[in-house]
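Listed below, chain by chain, are the residues.
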Amino acid sequence: MAFRYPLESVLRLRRSLEHQEEQRLFALAAIVARLRAMLDALQQADVAQRRAALDEMEQFSSGAQWQFRAVCDAASLRAIHRVKAQLQDAERQRFEQLKVYQEARQRREIFESLRERQQELYKLNLARRQQQRTDEAFLFRESFNPRD
């Protein structure tokens with residue numbers, strides 16, 4: 001008789017739940033990576049715009065240009081702050097999801113270790129039964145073949 005784990009359906013459910021939580025974690029990690037890349041691009045664009053503006057203002061510096069540059073700088077900083085806030089929120093969500101995933105993984109591991117223990121006990125009992133049958137067969141043969 002083959003080993004049969006009575007909680008196999010629960011183990012499959014735990015594996016499925018762990019996989020779902022892992023997929024959510026991957027999705028949040030992708031969002032965090034995208035926001036980090038976006039923040040980096042915004043910061044690089046801001047630096048490039050400031051350099052270009054400084055070069056321009058060295059040649060022509062009118063009050064309108066200074067005012068336009070100030071408005072552009074403020075808009076750039078608002079965009080950077082907005083992405084930073086989104087990034088912090090996404091990182092918080094990713095961290096929370098990591099906890100949920102770790103809990104799901106731990107629950108799955110509990111059921112798998114229980115399964116492994118039960119399977120080891122099954123194998124041990126099977127080996128004992130086989131040894132017992134072998135011993136009984138030996139004793140049976142010895143009782144019909146006396147050496148006296």
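Quick summary incoming for the structure in this document. All values reported here derive from a predicted model rather than from experimental measurement.

1. What about the overall build of the chain?
The secondary structure content of the chain amounts to two helices and zero strands. Relative to a compact globule of 148 residues, whose C-alpha radius of gyration would be 15 Å, the chain shows 35 Å and is clearly more extended. C-alpha extents for the chain along the principal axes are approximately 125 × 25 × 15 Å. Out of the 148 residues in the chain, the part that is buried amounts to 18%. Element-wise, carbon and sulfur atoms account for 55% of the exposed surface of the chain, whose accessible area totals about 11,400 Å². Averaged over its 27 positive side-chain charges, the chain has a centre that lies 4 Å from the centre of its 22 negative ones.

2. Some details on the pattern of salt bridges
Inspection of the entire model under this criterion finds 13 salt bridges. Across the pair Arg24 and Glu21 runs a salt bridge whose closest N-O atoms are separated by 2.8 Å. You can see Arg24 and its partner Glu21 sitting in helix α1 (residues 8-59), three residues apart, about one turn around the helix. In this structure Glu21 comes out as buried when scored by relative accessible area, which is 14%. Shared partners join several salt bridges into a network, and the residues in it are Arg15, Glu18, Arg105, Arg108, Glu109 and Glu112.

3. Notes on the packing of aromatic side chains
What the rule picks out here adds up to two aromatic pairs. With 4.6 Å between their ring centres and 75° between their planes, Phe140 and Phe144 make a pair best called edge-to-face. Pair noted here: Phe140 and Phe144 are both in helix α2 (residues 63-144), with a separation of four residues, about one helical turn. Across this residue pair, the class does not change: Phe140 and Phe144 are exposed.

4. Details of the side chain of Glu112
Along the polypeptide, Glu112 turns up in helix α2. Discounting residues that sit within four places of it in the chain, Glu112 has contacts with Leu11 and Arg15.

5. Details of the packing of α1 against α2
Look at α1 against α2: their axes get within 7 Å of each other, and the N-to-C directions meet at 165°. It follows from the interaxial angle that α1 and α2 lie roughly antiparallel. Two packed elements cross with a definite hand, and for α1 against α2 that hand is left-handed.

6. Section: the side chain of Ser76
Here Ser76 lies in helix α2. A distance of 2.8 Å separates a polar atom in the side chain of Ser76 from a polar atom in the side chain of Asp46.

7. Some remarks on the environment of Lys84
Structurally, Lys84 can be placed in helix α2. Of the residues examined, Lys84 reaches a relative accessible area of 36% and is grouped as partly exposed. With 48 residues separating them along the chain, Lys84 and Arg36 place their C-alpha atoms 8.4 Å apart. The residues contacting Lys84, other than those within four sequence positions of it, are Leu39 and Gln43.

Rules of the game
- Residues numbered from 1 in each chain as written.
- Predicted model: local features only at pLDDT ≥ 70, side-chain atom pairs only at ≥ 80, totals over all residues.
- Heavy atoms only, no water.
- Helix = DSSP H or I, 4+ residues; strand = E, 2+ residues; numbered from the N terminus.
- Rg over C-alpha atoms; globule rule 2.2 N^0.38 Å.
- Buried < 20%, exposed > 50% of the residue type's maximum accessible area, 1.4 Å probe, protein only.
- Areas by Shrake-Rupley, 256 points an atom, 1.4 Å probe, with all protein chains shown as cover.
- Lys, Arg positive; Asp, Glu negative; His and termini not counted.
- Charge placed at Lys NZ, Arg CZ, Asp CG, Glu CD.
- Salt bridge = Lys/Arg side-chain N within 4 Å of Asp/Glu carboxyl O.
- Phe/Tyr/Trp six-rings, centres within 6.5 Å; stacked < 30°, edge-to-face > 60°.
- Contact = heavy atoms within 4.5 Å.
- Axes fitted to C-alpha atoms, helices over the stretch in contact; angles between N-to-C directions.
- Parallel < 35°, antiparallel > 145°, perpendicular 65-115°, else oblique.
- Left-handed = near helix turned anticlockwise from the far one by under 90°.
- Polar contact = N/O pair within 3.5 Å; in protein donor to acceptor, adjacent residues only side chain to side chain.

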